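Remarks on the overall topology
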Amino acid sequence: MSAGVIAKPAVARRSGALRGEVRIPGDKSMSHRALMLGGLAAGQTRIGGLLEGEDVFNTARAMQALGATVRKEDGSWIVHGVGNGALLAPEAPLDFANAGSGCHLIMGLVGVYDFATTFVGDAALSRRPMDCVLDPLRQMGVQVASAEGGRLPVTLRGPKTANPVSYRLPIASAEVKSAVLLAGLNAPGITTLIEPVPTGDHTERMLQAFGANLTVDVGAEGERIIRLEGQGRLTGQDIDIPGDPSSAAFPLVAALLVPGSDITLLNVLMNPTRAGLIVTLQEMGGKIDVLNARIQGGEDVADLRVRSSALKGITVPEDRAPSMIDEYQVLAVAAAFAEGHTVMRGLEELRMKESDRLAAVLSGLKLNGVDCDEGPASLVVHGRPGGKGLGNAAGAAVATRLDHRVAMSSLVMGLASEHPVTVDDATMIATSFPGFMELMAGLGATIE
Ligand SMILES: O=C(O)C1=C[C@@H](OP(=O)(O)O)[C@@H](O)[C@H](O)C1
Ligand SMILES: C=C(OP(=O)(O)O)C(=O)O
């Protein structure tokens with residue numbers, strides 16, 4: 001719950017078959033980047049399909065504080081940028097509330113400028129260590145002042161001229177990669193980023209679309225080597241943002257679990273660096289048909305027909321984690337209804353999100369009768385097909401810990417469990433999926 005907002009509990013009950021066709025709201029990762037690059041580029045950027053969620057609005061406000069103008073006109077968002085290298089010093093701290101991606105990326109974007117910028121956030125964001133981004137920025141010559149453990153509030157002041165670095169990502173994180181690349185935009189010469197395991201590539205794609213000189217090569221050990229020439233010209237673009245696969249995940253898993261369901265999710269981003277959940281659920285026996293596969297604005301997009309399915313537990317390949325990092329909680333819910341065990345490994349990053357998501361998912365599942373085990377970076381779920389005995393008949397509520405995805409995945413679980421599933425607070429859902437309740441109700445889900 002953000003400061004000043006009253007907690008709103010919610011309860012999901014076993015539903016009849018889910019039916020219908022729905023459009024998924026815009027991709028959050030692309031929405032952040034479109035506002036940032038639009039605000040930086042010279043001229044006008046028009047964004048269609050922007051996610052109108054709290055996280056994205058905080059990025060829009062930050063870009064305004066840095067000199068861009070942002071307004072809505074005829075259903076699209078119009079951004080006028082300042083030109084690469086010409087961001088203005090903000091007059092007040094930039095408040096990112098719950099949004100890690102907005103905060104991490106803008107630390108890179110503006111942290112290398114020769115003025116002070118302060119970053120603040122809500123209790124969940126203030127708990128998240130920022131060193132993953134602060135370390136490479138220090139190497140670029142940025143002075144960092146932070147609360148203990150590299151936490152918010154953080155103040156950054158760039159040098160007169162930033163050093164372009166060659167940086168090997170120590171963790172598989174699209175946010176860290178993007179922060180370094182965005183910082184490289186304001187450093188003379190070539191910034192090189194070496195990525196041992198591929199992560200979400202929206203920053204690379206969008207930088208190229210805005211005119212940056214950016215190349216991607218594959219090294220001898222299969223690593224991606226990204227080179228960006230700093231201080232080049234960026235020019236405003238027209239961008240159409242497809243639906244967010246991380247949001248599509250909730251109605252998708254609900255339809256797999258609720259008997260008799262048959263739904264279609266329209267306009268879903270299918271970029272392979274983001275589509276790990278769909279592949280995993282198909283391997284578990286999920287009936288997911290990829291329809292009308294097409295390229296839209298340089299990205300793979302498709303419609304997904306999803307029918308209820310008898311799922312089987314699998315071992316999820318560890319190297320798939322970056323392509324479904326935000327989807328493990330709802331995958332754990334799917335696994336709770338699958339025959340056999342589902343093993344998920346390589347999840348250390350999950351402890352650094354809005355909540356310690358491994359701990360949160362484990363306690364939510366246990367509260368609702370699921371048999372599961374947690375390791376330092378792993379989760380094993382022992383499924384119960386049909387959901388018999390799952391849910392919490394006494395109405396005990398899952399603690400959502402300021403985490404939108406804990407709230408949504410728990411509610412999905414309640415739609416197929418024998419007993420209801422209750423969450424203590426659904427307000428955070430507005431950060432990434434403001435129309436979640438209405439969309440689910442439109443498909444026939446019973447969530448109050
Ligand atoms: O690049 C992005 O927009 C994101 C990358 C992921 O974070 P990490 O790269 O830190 O794992 C993901 O969890 C987050 O929701 C969005
Ligand atoms: C981790 C997430 O986002 P962020 O890092 O932007 O807070 C998320 O949306 O699940």
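Going by the structure above, here's the rest.
Residues numbered from 1 in each chain as written. Chains lettered and ligands numbered in written order. Predicted model: local features only at pLDDT ≥ 70, side-chain atom pairs only at ≥ 80, totals over all residues.

1. Some thoughts on the site of ligand 2
Neighbouring ligand 2 are Asp 55, Ala 99, Gly 100, Ser 101, Asp 326, Lys 353, Glu 354, Arg 405 and Ser 432. Class assignment of the residues belonging to the shell around ligand 2 gives a composition of 1 nonpolar, 3 polar and 5 charged. Per-domain counts for the shell around ligand 2 show at least three residues from each of domain 1 (10-23 + 242-447) and domain 2 (28-240). (Near = placed C-beta within 6 Å. Nonpolar A, V, L, I, M, F, W, Y, C, P; charged D, E, K, R; others polar. Domains from an automatic or database assignment.)

2. Side note on the nonpolar core
The biggest cluster of nonpolar side chains holds 147 residues, and the ones touching the most others in it are Leu 252, Val 253, Ala 254, Ala 332, Ala 334, Ala 336 and Val 412. Of the residues forming this core, the biggest block, 9 residues, is contributed by helix H8 (residues 245-257). Both domains that meet at this core, namely domain 1 (10-23 + 242-447) and domain 2 (28-240), each give it at least three residues. (Core = buried A, V, L, I, M, F, W, Y, C linked by C-beta atoms within 7 Å. Buried ≥ 20, exposed ≤ 12 C-beta atoms within 10 Å, placed from the backbone. Helix = DSSP H or I, 4+ residues; strand = E, 2+ residues; numbered from the N terminus.)

3. Digging into helix H11 (residues 357-367)
Buried within H11 are the following residues: Arg 357, Leu 358, Ala 360, Val 361, Gly 364 and Leu 365. Mapping the buried residues of H11 onto a view down its axis gives an arc of 165 degrees, with all of them on the same face. Looking at the buried side of H11, the elements it contacts are helix H10 (328-336), strand S20 (371-375), strand S21 (378-382), strand S22 (397-398) and helix H12 (404-414). Count one or two residues on from H11 and you reach Gly 369, which has phi positive near 85 degrees. (Arc of directions from axis to C-beta. Contact = placed C-beta atoms within 7 Å.)

4. Quick word on the site of ligand 1
Close contacts around ligand 1 come from Ser 29, Ser 101, Ser 173, Ala 174, Glu 175, Ser 178, Thr 199, Gly 200, Ile 325, Asp 326 and Glu 349, and that covers them all. Ranked by the residues each element gives to the shell around ligand 1, the list is headed by helix H6 (residues 174-184), at 3 residues.

5. Thoughts on the sheet that holds strand S17 (residues 299-307)
If you trace the 4 strands from one edge of the open sheet to the other, you get S2-S15-S17-S16, paired in mixed fashion. Every other strand in the sheet has two partners, leaving strand S2 (19-23) and strand S16 (287-296) as the edge strands with one partner each. In this sheet, neighbouring strand axes are inclined to one another by 15 degrees on average, regardless of whether the strands run parallel or antiparallel. In this structure, S2 lies alongside strand S15 (residues 262-269), joined through 5 bridges in parallel fashion. Paired with Gly 20 across the strands is Ile 263, a residue of S15. Contacts from helix H13 (residues 436-443) reach S2 and S15, with the element oriented near 150 degrees to S2. (Pairing = 2+ DSSP bridges. Axes fitted to C-alpha atoms, helices over the stretch in contact; angles between N-to-C directions.)

6. Focus on the pairing of strand S7 (residues 116-120)
Residues of S7 alternate between two faces, with Thr 117 and Phe 119 buried on one and Ala 116, Thr 118 and Val 120 left unburied on the opposite face. Bridge count between strand S6 (residues 94-95) and S7: 2 bridges; the pairing is parallel. The residue bridging Leu 94 from the neighbouring strand is Phe 119, located in S7. Across 4 bridges, S7 lies against strand S9 (residues 151-157) in antiparallel orientation. Considered in S9, the bridge of Phe 119 is made with Val 154.

7. Focus: the packing of helix H5 (residues 131-139) against H6
Between H5 and H6, whose axes approach to 9 Å, the crossing angle comes to 30 degrees. What the angle tells us is that H5 and H6 run roughly parallel. When the axes of H5 and H6 are compared, the crossing they make is right-handed. Counted together, Cys 132, Val 133, Pro 136 and Leu 137 of H5 and Val 176, Ala 179, Val 180 and Ala 183 of H6 form the full contact between these two elements. In terms of residue class, the contact of H5 with H6 is made up of 8 nonpolar, no polar and no charged. (Parallel < 35°, antiparallel > 145°, perpendicular 65-115°, else oblique. Left-handed = near helix turned anticlockwise from the far one by under 90°.)

8. Details of the environment of Ser 409
Along the chain, Ser 409 falls in helix H12. Since 31 C-beta atoms lie within 10 Å of it, Ser 409 is described here as buried. Along the sequence, Ser 409 and Leu 94 sit 315 residues apart, while their C-alpha atoms lie 30 Å from each other. With near-sequence residues (within four places) excluded, Ser 409 lies in contact with Gln 329, Val 330 and Val 333.

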